[in-house]
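# Commentary on secondary and tertiary structure
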Amino acid sequence: MSCFRHRHAVLSALALLITTAGCSSADDSASAAVPSPDAKVTELCRNLDEVLPAKVDGENRDDPEPASALTAGWGGEAIILRCGVGQPPKMTDPKVANGNDPKAMAGGVDGVDWLMEQQDDGTHRFTTASREAYVEVRVTDGRDSTGVLIDLAPAVKEAIPEGIAS
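Structure report, in brief. (Residues numbered from 1 in each chain as written. Predicted model: local features only at pLDDT ≥ 70, side-chain atom pairs only at ≥ 80, totals over all residues. Heavy atoms only, no water.)

### Re helix 2 (residues 39-51)
Over its 13 residues, helix 2 runs 19 Å from end to end, which matches the ideal 18 Å to within 8%, given 1.5 Å per residue. All of the buried residues along helix 2 are V41, T42, L44, C45, L48 and D49. Viewed end-on, helix 2 has its buried residues packed into an arc of 160°, placing them on one side of the element. Turned more than 90 degrees away from the buried face of helix 2 sit A39 and E50, all of them exposed. Against the buried residues of helix 2 lie strand 3 (71-74), strand 4 (79-83), strand 8 (135-139) and helix 4 (145-159). For helix 2, the capping residue at the N-terminal end is D38, with a side-chain oxygen 3.2 Å from the backbone nitrogen of K40. (Helix = DSSP H or I, 4+ residues; strand = E, 2+ residues; numbered from the N terminus. Expected span 1.5 Å × (residues − 1). Buried < 20%, exposed > 50% of the residue type's maximum accessible area, 1.4 Å probe, protein only. Arc of directions from axis to C-beta. Contact = heavy atoms within 4.5 Å. Polar contact = N/O pair within 3.5 Å; in protein donor to acceptor, adjacent residues only side chain to side chain.)

Rendered as structure tokens:
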């Protein structure tokens, strides 16, 4: 009988551990792939990380995992920024340049040029253009992304000089 009680106590403890692990706050964290740019772009991205706002479009800064100066987030998965990404293929697509792609268009917000792309999953991806590093911003929850870009523009202008990304 004591063997049964011991096994029951071990199973109860194991169930509690699994339940606790399943409810940990780490599961609520957003995740983002960390880019791996060259040293020059990495330094620009670190400078950007230092001047990013604490709030974007009313959301508090809540960086994704794994922690990196090349990624930032606000509101969990709502707004994710990655600095030092590669050039998106649509940036050189003539259909986009001519305004003939219904899912991508070029535009500017507060002095920062962006390639704006609607993803198949309904999210929007914005990538800076005419800057020495590509900065990508994903907006996932259907919000009006203009506020996001307005809030990020001062930091991008301060940290990422105009030019051509390498």
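Structure shown, so let's carry the discussion forward.
### Quick look at the side chain of S145
Its location among the elements puts S145 in helix 4. Look past the residues within four positions of S145 in its chain and what remains in contact with it is F126 and V139.

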